[in-house]
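What follows is the residue order along each chain.
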Amino acid sequence: MAFMMKQNWWKALGVGILVYVIFQGLLGTVPRQPILNESIRNVYFHVPLWFAMIILLFTSMIFSIKYLRNGRPDDDLVAVEFANTAILFGVLGCATGAIWANFTWGEPWPNDPKLNAVAVSMLLYFAYLILRGSFDDEQRRARISAVYNIVAFAVFIPLVAILPRLTDSLHPGNGGNPAFGKYDMNNAMRLVLYPAVIGLTLLGVWVTQLRVRLRRLRTLLEE
Amino acid sequence: MSLTALLLEGVEMADQLRADGKIWVVVAVIATVFMGIVLYLVRLDRQISQLEKDLSQKKSVTINS
């Protein structure tokens, strides 16, 4: 994994996949659904933001665990930057979701279990960044925010992935149904959505890597 | 034709936009924006790589001297 980060092919792969997603996402055929109409194509651009966010937050948590195990400041640094990129994706996910909801559900932020859960989760992670800013002692900051990051992820997953499924939600796949049932999506759409998740995740890792390297340079200069 | 299929035929999609080929205008614009952002990231990546090289050289010089 570490040696792969030094190479560049995965960045090109991510970009290539996303170019494919743009072309196939706009040109490919989609199911004809009332209310949704052509806006069903937002599935290719809005949904992957959340999937990529979850993958990035999971990675962030892994690095927080690594930090708590060995106390290397570099692991804490990587954890923050993965969280930063994930939060950016989350903000974009909220914004794109609000635009889409305005047209299909009639208002940008309806009172929906999934949306409430997402609002709480976003606050949870904003609090993580604020928490980090409130320490002067670097070791204390790293240790306490690593613990917080692990707890935040452990709360985040049930909040967005499990609880909305126990009730009714405007989002498809909630209220007891597995996500992406046969009425929501066909195989042609899956051939764009899943690559989009991979491509966007790779792009997120790239941005994260740039920020991590910049931070490492800064700490190197401070030494 | 079943009733649901008949109903779905009536769902309004951007068929005319596609028939005219104007959808390509949208595809081209979005692809250009995306490639512009990617080029920006590539340049940023190169600049950071250069900085890493410069700094590691400087470090080794100070250690050796």
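What counts and what doesn't
- Residues numbered from 1 in each chain as written.
- Chains lettered and ligands numbered in written order.
- Predicted model: local features only at pLDDT ≥ 70, side-chain atom pairs only at ≥ 80, totals over all residues.
- Helix = DSSP H or I, 4+ residues; strand = E, 2+ residues; numbered from the N terminus.
- Rg over C-alpha atoms; globule rule 2.2 N^0.38 Å.
- Buried ≥ 20, exposed ≤ 12 C-beta atoms within 10 Å, placed from the backbone.
- Contact = placed C-beta atoms within 7 Å.
- Nonpolar A, V, L, I, M, F, W, Y, C, P; charged D, E, K, R; others polar.
- Axes fitted to C-alpha atoms, helices over the stretch in contact; angles between N-to-C directions.
- Parallel < 35°, antiparallel > 145°, perpendicular 65-115°, else oblique.
- Expected span 1.5 Å × (residues − 1).
- pLDDT = per-residue confidence, 0-100.
- Left-handed = near helix turned anticlockwise from the far one by under 90°.

Visitor: Is there a simple way to explain the overall build of chain A in this structure?
Guide: Broken down by element type, chain A carries seven helices and zero strands. In chain A, the order of α-helices and β-strands from amino to carboxyl end is α-α-α-α-α-α-α. Computed over C-alpha atoms, the radius of gyration of chain A comes to 19 Å, within 12% of the 17 Å expected from 2.2 N^0.38 for 223 residues, which places it in the range of a compact globule. With the C-alpha coordinates of chain A rotated into their principal frame, the extents come out at 60 × 40 × 25 Å. Counting only residues that meet the buried cut, chain A has 33% of its 223 residues in that class. Intrachain contacts of chain A at a sequence separation of at least 6 include 73% that bridge at least 24 residues.

Visitor: Please clarify how the overall build of chain B should be interpreted in this entry.
Guide: The helix and strand inventory of chain B stands at three helices and zero strands. Of the regular secondary structure in chain B, the N- to C-terminal order runs α-α-α.

Visitor: How should I be thinking about the interface of chain B and chain A in this particular structure?
Guide: By a widely used convention, the size of an interface equals the accessible area lost when the partners come together. Listed by partner, the interface residues are 19 residues for chain B and 18 residues for chain A. Looking at the side of chain B that touches chain A element by element, the count peaks at 14 residues for helix 3 (residues 23–64) of chain B. Looking at the side of chain B that touches chain A residue by residue, the classes come out as 16 nonpolar, no polar and three charged.

Visitor: In this structure, what is going on with the packing of helix 5 (residues 113–133) of chain A against helix 6 (residues 138–166) of chain A? I would like to understand it.
Guide: Relative orientation and spacing of two packed helices are given, respectively, by the angle between their axes and the distance between those axes. All names here are of chain A. One way to put it is that helix 5 packs onto helix 6 with a least axis distance of 9 Å and a crossing angle of 175°. Between helix 5 and helix 6, the interaxial angle falls into the category roughly antiparallel. Two secondary-structure elements touch here, helix 5 through Pro113, Lys114, Ala117, Val118, Val120, Ser121, Leu124, Tyr125, Tyr128, Leu131 and Arg132 and helix 6 through Arg141, Ser145, Tyr148, Asn149, Ala152, Val155, Phe156, Leu159, Val160, Leu163 and Pro164. Tallied by class, the residues present in the contact of helix 5 with helix 6 amount to 16 nonpolar, three polar and three charged.

Visitor: Help me understand unusual backbone geometry, please; the structure alone is not making it clear to me.
Guide: Negative phi is the rule for most residues except glycine; trans is the rule for most peptide bonds. All names here are of chain A. Positive phi outside glycine occurs at Ile35, with the angle close to 70°. By secondary structure assignment, the location of Ile35 is in the loop between helix 2 (9–27) and helix 3 (47–70). A residue is classified by how many C-beta atoms lie within 10 Å of it, and Ile35, with 10 of them, is exposed. Positive phi is not limited to glycine here, since Asn37 has a value of about 50°. Considering the arrangement of structural elements, one finds Asn37 in the loop between helix 2 and helix 3. Look at Asn37 and you get partly exposed, because 16 C-beta atoms sit within 10 Å.

Visitor: What am I meant to see in the environment of Trp50 of chain A here?
Guide: Residues and elements named next belong to chain A. Note that Trp50 resides in helix 3. Given 22 C-beta atoms within a 10 Å radius, Trp50 is considered buried. Distance from Trp50 to Gly93, taken between C-alpha atoms, is 6.3 Å for residues 43 residues apart in sequence.

Visitor: Can you walk me through helix 3 of chain A in this structure?
Guide: Residues spaced three or four apart along an α-helix point in a common direction, a consequence of the helix completing one turn every 3.6 residues. Across its 24 residues, helix 3 of chain A extends 35 Å between first and last C-alpha, which sits within 8% of the 34 Å expected from 1.5 Å per residue. Gly71 of chain A sits one or two residues past helix 3 of chain A and shows a positive phi near 70°.

Visitor: What's the story with the confidence of the model for chain B in this structure? I'm lost.
Guide: The predicted coordinates should not be examined in detail at positions where pLDDT is low. Across chain B, pLDDT averages 85, with 80% of residues at or above 70. Taking the mean pLDDT of every element in chain B, the minimum, 60, falls on helix 1 (residues 3–9) of chain B and the maximum, 91, on helix 3 of chain B.

Visitor: Explain the packing of helix 4 (residues 73–104) of chain A against helix 5 of chain A to me, please; I cannot follow it from the model alone.
Guide: Residue and element names in this part refer to chain A. The N-to-C vectors of helix 4 and helix 5 enclose an angle of 145°; their axes lie 11 Å apart at closest approach. For helix 4 against helix 5, the interelement crossing comes out left-handed. Counted together, Val80, Ala83, Ile87, Gly90 and Cys94 of helix 4 and Val118, Met122, Tyr125, Tyr128 and Arg132 of helix 5 form the full contact between these two elements.

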